[in-house]
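Each chain, written out:
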Amino acid sequence: MTVRQISIRMSGLALAVVAALHGAVAFAGNTTADTAPAAADASAADKSKAKSLDAISVVAPGETIQVQSVSSVDIKALPPGSSAFKALNQLPGVNFQSSDPWGAYEWATQITLHGFDQSRLGFTLDNIPLGNMSYGVTNGLQVTRAITSDNLSSVEIAQGAGALGTPSSTNLGGTVQFYSADPDAVAGARVSQGFASDSTYRTFVRLDSGDFHGYSMYVSFARADTGKWKGYGDQQDNQINLKSLYQWGDGNRVSLFFDSSKRKEYDYQDLSLTSQRVLGWNYDYWQPDWTSAVQTALAIQGKGAYPASLNGLPADYDKGDVNYYAGGGIRRDNLVGLSSQLALSSNATLNLGAYYHNDRGEGQWATPYVASSATVPLAMRTTDYGLDRTGGTASLNLTIANNDIQIGAWVEDANTNQERNYFYLNGQYTFLSNFYDSEEPFARGFFQNYQTTTRMGYIQDTLHFMDDRLTVNFGTKALDVTTTAKSLEPSALSAGRISARENFLPQAGVDYKIDQHQDVYASYTKNMAAYGFLPFSQSQASFDQGKSALKPEESQTFEFGYRVQGSGFEASADAYYTHFTNRLLSVSPCSAVQTCSAIINNVGSVQSKGVDLALIWKPIDHMRWLNSLSYANTKYQDDYLNNGVVATAGKYVVGTPVWMFTSALNYNIGAWSFNVDGKYTGRRYITYSNDSSVPAYLLFNAGVSYDIGAWSILKDLNVAFNVTNLANKHYFATTGTNGYVASDPQGYNQTLQAGAPRQYFVNISAKF
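Here we summarise the structure given alongside this text. In every chain, residue numbers begin from 1 and rise along the written sequence. A pLDDT threshold of at least 70 governs which residues receive local features in this predicted model, and a stricter bar of 80 or more applies before side-chain atom pairs are shown or counted, although totals over entire chains, interfaces and linings include all residues. Excluded from the side-chain calculation are hydrogens and water; included are all heavy atoms of the structure.

**Notes on the packing of aromatic side chains**
1) Next: Within 6.5 Å between ring centres, the rings of Phe, Tyr and Trp (the latter by its six-membered ring) count as paired, and their orientation is classed by plane angle as stacked under 30 degrees, edge-to-face over 60, tilted in between. Tallied over the full model, the rule gives 35 aromatic pairs.
2) Next: A centroid spacing of 6.4 Å and a plane angle of 20° characterise the contact between phenylalanine 721 and tyrosine 760, whose relative ring orientation is stacked. Taken together, the residues span a long stretch of sequence, with phenylalanine 721 in strand E35 (residues 714–724) and tyrosine 760 in strand E38 (residues 759–767) at a distance of 39 residues.
3) Next: With a 1.4 Å probe rolled over the protein chains alone, any residue whose accessible area is under 20% of its type maximum counts as buried; one over 50% counts as exposed, and the rest are partly exposed. You can call phenylalanine 721 partly exposed: its relative accessible area is 34%.
4) Next: Given a relative accessible area of 39%, tyrosine 760 falls into the partly exposed group.
5) Next: Each residue in the set Trp290, Tyr325, Phe423, Tyr429, Phe431 and Phe435 is aromatic and connected to the rest through ring pairs, giving one cluster. Labels follow the DSSP assignment, with helices taken as runs of H or I lasting at least four residues and strands as runs of E lasting at least two, numbered in each case from the N terminus.

What follows is the structure, encoded as structure tokens:
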């Protein structure tokens, strides 16, 4: 089945389900007993939080693991349309990077927790698994495509280990759980219009039905056109969210969530340390300079010299890959989730959910290594994606004496197609459209189909002693993920079947309340990650030879912490130790724009030891001052072989800063709200041997808003002004966009993204 043949129309299904249920919303993780409660009147709840400043929380009393959260108040303080990860970036242990000021440009989106990058973390929206949010469509989608940030109520992060029942097969290093807001209890409309630097605008409109005998719903539309801060092009996003909810009795609810997203984004050029130094921070793709792109392609073929603008690069620098004509990404997603929470009795709750997600996408690069014709020495190289996944979750929560028992399961079936295609170019172009929708490729690098089945079951008991002062929980889960790959056309990639299976993945923890303000906790967690598609990126011979010896990645995490909460402050201290084994490393012998088989190595283990400190202080009414400090000693424990010994034992993990410090001050006075924050991000290594790194940097942001209140027919009229990168700092944001290499002392590897310069934002919002 081709990508074109796999299609579905969701709108009819969504409307039918709404009518049958009286409404319903979001396959919400709001259905489980331990999720964040949804406010019946989201706007009223947000106002209350804004005045009390009880938004970011670094204390979760009674939890046996480190859990911290941000609310819609923190998200709405960001420039409109920003990823919620920008708010999480203030929390200890979190390193979020993107080269655009919204954190939404997907090629450069990167998050690390305690030495683990996003490929080894777990993400959910209302208990719907989002996969590892990889750029290449494999097992999910970015949260910015799953829900617009305006409709989020809160985000919860577990930096060391998530809840046992989290539906994820990649959460070796922690989980991030997003929760959608419930519909407002009062009917109305809200509108938000934003303007920003580089001819950017964003419009958000939401209509709420209000509560009608337990039924409520909203539908929203967001459109954004965010201009690139350098080079040619922009990022365009159109998104529809619908949430419908029916509640009755004591704790019963049925809900439906529907999301449709269409996104197009022009890429920013990847840089190296050397190319940035020679060509500058604002260096970007050739587009619309077709002449230089053609000259580069001819030079690669030995038919002339490279453009004079590249003459400053060292003689041994690969000038053919320093720049391409253009690159971009296109994604179309539909996500629907149905869930129910049913109170079977006073001590038993049943949670059921089902979801469906489809994605169609294309990643583009104008490659100078393949010619379209004798007169056009470039071609369009695309990676075309098609993903359909269907799944469900179920859990039964029982309270028996002092035991809280949870039994649950997660199942998912996914069908994925990935193609590498080449299309003719007739000459200069300045548009971004899906080539696969309009014509047939003249050549194909590979055409792979992946069938993935995921099965997970778990059981956990939480016991309460000493009048709830002592909490002990223990449990285990079993995880089985099997992927079958087929090569639909002959290619350099492999076919076959591989399973990651473990029947005993235990988790245990204890929390002791010293008094009503203080508690201490400790936990142990063992996790395993599925292989994904990584093993199939090898040649068939390499896959067949190494399959039997391949082991899935595993982690064991120990956490110890202290929390305290007073009338004017809250603070937490967390120490952790993680042992990560069977780390799989993919080594590609060709440049990112070319196609070739990778080499998969088991390169041993990683040990991560660190401390997270956080303090929220409220010295006076309406003021909140957050400070967080993180220290992460994350090092490889083994050397590995790759055409000789690669000496990585004792070296720091790439892309992970040892030190981070954040300070954020929020102050409300009357109708005015002010916020300023700064974050120090330490040096990050960009080679496994640590012979190359990007320097540390300090970044400041600020914002101010004024609540005008009611004016004519408008309610809650608000004007906000934000500035990001206040000091206009030059810095490297994302690292590893094209992977990391063992050694690069001269800084030639083009795997870096420059951070956005100072940007200005104005937003006007109101309710009707």
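Still to come is the rest of the account.
**Structural notes on a nonpolar patch on the surface**
1) Next: Here, patches come from residues exposed beyond 30% relative accessible area and free of salt bridges, joined within 9 Å for like charges and within 5 Å for nonpolar side chains (Val, Leu, Ile, Met, Phe, Trp, Tyr). The protein chains shown are the only cover counted for residues, whose accessible areas, like all others here, come from Shrake-Rupley with a 1.4 Å probe. In the sections that follow, a salt bridge refers to a side-chain nitrogen of Lys or Arg positioned within 4 Å of a carboxyl oxygen of Asp or Glu. A contiguous nonpolar patch, built from Phe195, Ile669, Trp672, Phe674, Tyr706, Ile708, Trp711, Val719, Phe721, Tyr760, Val762 and Ile764 and spanning about 1100 Å² of accessible area, is present on the exposed surface.
2) Next: Elements with a minimum of two residues in the nonpolar patch: strand E31 (672–681), strand E34 (697–711), E35 and E38.
3) Next: Along the chain, tryptophan 711 turns up in strand E34.
4) Next: We classify tryptophan 711 as exposed; its relative accessible area is 56%.

**Points about the pairing of strand E20 (residues 496–513)**
1) Next: In this description, strands pair whenever DSSP reports at least two bridges between them. Where strand E19 (residues 470–489) and E20 come together, 15 bridges link them in antiparallel fashion. Bridging from a neighbouring strand, valine 481 pairs with alanine 500 of E20.
2) Next: Linkage of E19 to E20, two consecutive antiparallel strands, is achieved through a turn of six residues.
3) Next: With seven bridges connecting them, E20 and strand E21 (residues 518–528) associate as antiparallel partners.

**Quick look at the pattern of salt bridges**
1) Next: Counted under the stated rule, the structure contains 23 salt bridges.
2) Next: The partner of arginine 263 in a salt bridge is glutamate 265, with the nearest N and O atoms 2.9 Å apart.
3) Next: Classification of glutamate 265 by relative accessible area gives buried; the value is 3%.
4) Next: For arginine 455, the salt bridge goes to aspartate 413, with nearest N and O atoms at 3.1 Å. Of this pair, arginine 455 sits in strand E18 (residues 443–465) while aspartate 413 is found in strand E17 (residues 403–423), placing the two residues 42 residues apart along the sequence.
5) Next: Since its relative accessible area comes to 36%, arginine 455 is described here as partly exposed.
6) Next: Given a relative accessible area of 38%, aspartate 413 falls into the partly exposed group.
7) Next: Through salt bridges that share partners, Glu106, Arg145, Asp333 and Asp359 make up one connected network.

**Describing the pairing of strand E22 (residues 554–565)**
1) Next: Both E21 and E22 contribute to a ladder of 11 bridges, which runs antiparallel. Within E22, the position partnered with serine 523 by the bridge is glutamate 559.
2) Next: Alignment of E22 against strand E23 (residues 569–581), held across 12 bridges, turns out to be antiparallel. Residue pairing for E23: glycine 561 is matched across the bridge by aspartate 574.

**With respect to the nonpolar core**
1) Next: Formed by 110 residues in total, the largest nonpolar core has its most connected members in Phe85, Leu88, Phe123, Leu125, Leu130, Phe178 and Tyr325.
2) Next: Ranked by residue count, the leading element in this core is helix H7 (residues 290–300), at four residues.
3) Next: Contacts are assigned to residue pairs with any non-hydrogen atoms lying within 4.5 Å of each other. Setting aside its immediate chain neighbours within four residues, leucine 88 contacts Val70, Val94, Val155, Ile157 and Val176. Take the buried residues of types Ala, Val, Leu, Ile, Met, Phe, Trp, Tyr and Cys, join any two whose side-chain atoms come within 4.5 Å, and each joined set is a nonpolar core.

**What about the side chain of aspartate 384?**
1) Next: Along the chain, aspartate 384 turns up in strand E16 (residues 379–400).
2) Next: Lys and Arg are tallied as positive, Asp and Glu as negative. Neither His nor the chain termini are counted. Of the side chains with opposite charge, arginine 444 lies nearest to the buried aspartate 384, which makes no salt bridge, at 6.9 Å.
3) Next: Among the polar contacts listed, one links the side chain of aspartate 384 to the side chain of asparagine 421, at a separation of 2.9 Å.
4) Next: Beyond its immediate chain neighbours, meaning those up to four positions away, aspartate 384 contacts Gly361, Glu362, Asn417, Gln418, Glu419, Asn421, Phe423, Asn434 and Tyr436. As used in this structure description, the phrase polar contact means that two N or O atoms lie within 3.5 Å; if the pair is within protein, one of them must be able to donate a hydrogen and the other to accept it, and residues adjacent in sequence are counted only when both atoms belong to side chains.

**So, H7**
1) Next: Looking only at H7, the buried set comprises Trp290, Ser292, Ala293, Val294, Thr296, Ala297 and Ala299.
2) Next: Following H7 by one or two positions, glycine 302 adopts a phi angle in the positive range, close to 75°.

**Details of empty space enclosed by the protein**
1) Next: Within this scheme a cavity is a closed region of a 1 Å grid, computed over the protein atoms alone, that accommodates a 1.4 Å probe without allowing it to escape, whereas a pocket is open but has protein on both sides within 12 Å along at least five of seven lines; lining residues each have an atom within 4 Å of a point. Grid points are joined across faces, edges and corners, and a volume is the space filled by probe spheres set on the points. This model, assessed by the stated rule, comprises seven cavities of 30 Å³ or more.
2) Next: In this model, the largest cavity occupies a volume close to 590 Å³.
3) Next: Looking at the largest cavity, it is lined by 39 residues, and the ones nearest its centre are Leu78, Lys86, Asn89, Asp677 and Asn701.
4) Next: Breaking the lining of the largest cavity down by element, the ones donating at least two residues are helix H4 (85–88), strand E2 (94–97), strand E30 (659–669), E31, E34 and E35.
5) Next: The dominant element in the lining of the largest cavity, judged by the number of residues it contributes, is E31, at six residues.
6) Next: Gly is put with the polar residues, along with every residue not named as nonpolar or charged; the nonpolar set is Ala, Val, Leu, Ile, Met, Phe, Trp, Tyr, Cys and Pro, and the charged set is Asp, Glu, Lys and Arg. Residue classes in the lining of the largest cavity are distributed as 18 nonpolar, 15 polar and six charged.
7) Next: The space that makes up the second largest cavity amounts to roughly 320 Å³.
8) Next: Taken together, 31 residues make up the lining of the second largest cavity; nearest its centre are Gly81, Ser82, Arg202, Ala224 and Asp237.
9) Next: Elements with a minimum of two residues in the lining of the second largest cavity: helix H5 (143–146), strand E9 (188–196), strand E10 (200–208), strand E11 (215–227), strand E12 (234–248) and E38.
10) Next: Here the element with the most residues in the lining of the second largest cavity is E11; it accounts for four residues.

**Considering the sheet that holds strand E4 (residues 116–117)**
1) Next: Within the open sheet, the three strands sit side by side as E2-E3-E4. Their pairing is antiparallel. Two strands in the sheet have a free side with no partner beyond their single neighbour: E2 and E4.
2) Next: Of the strand pairs in this sheet, strand E3 (residues 110–113) and E4 are connected by two bridges, and their pairing is antiparallel. Bridge assignment links threonine 112 to a residue of E4, and that residue is aspartate 117.

**Here's the deal with the environment of serine 605**
1) Next: Relative to the helices and strands, serine 605 resides in the loop between strand E25 (599–602) and strand E26 (606–617).
2) Next: Sequence-distant contacts of serine 605, that is, excluding residues within four places in its chain, are made with His579, Phe580, Thr581, Lys635, Tyr636, Gln637 and Asp638.

**Points about unusual backbone geometry**
1) Next: Residue proline 288 follows glutamine 287 across a cis peptide bond; omega there is 10°.
2) Next: If you trace the backbone, proline 288 turns up in the loop between helix H6 (273–279) and H7.
3) Next: Residues other than glycine seldom take positive phi values, yet aspartate 198 does so here, at roughly 60°.
4) Next: Mapped onto the elements of the fold, aspartate 198 is located in the loop between E9 and E10.
5) Next: Positive phi outside glycine occurs at asparagine 690, with the angle close to 65°.
6) Next: Position of asparagine 690 relative to the elements: it lies in the loop between strand E32 (684–685) and strand E33 (693–694).

None of the figures reported here should be taken as evidence of function without further support.
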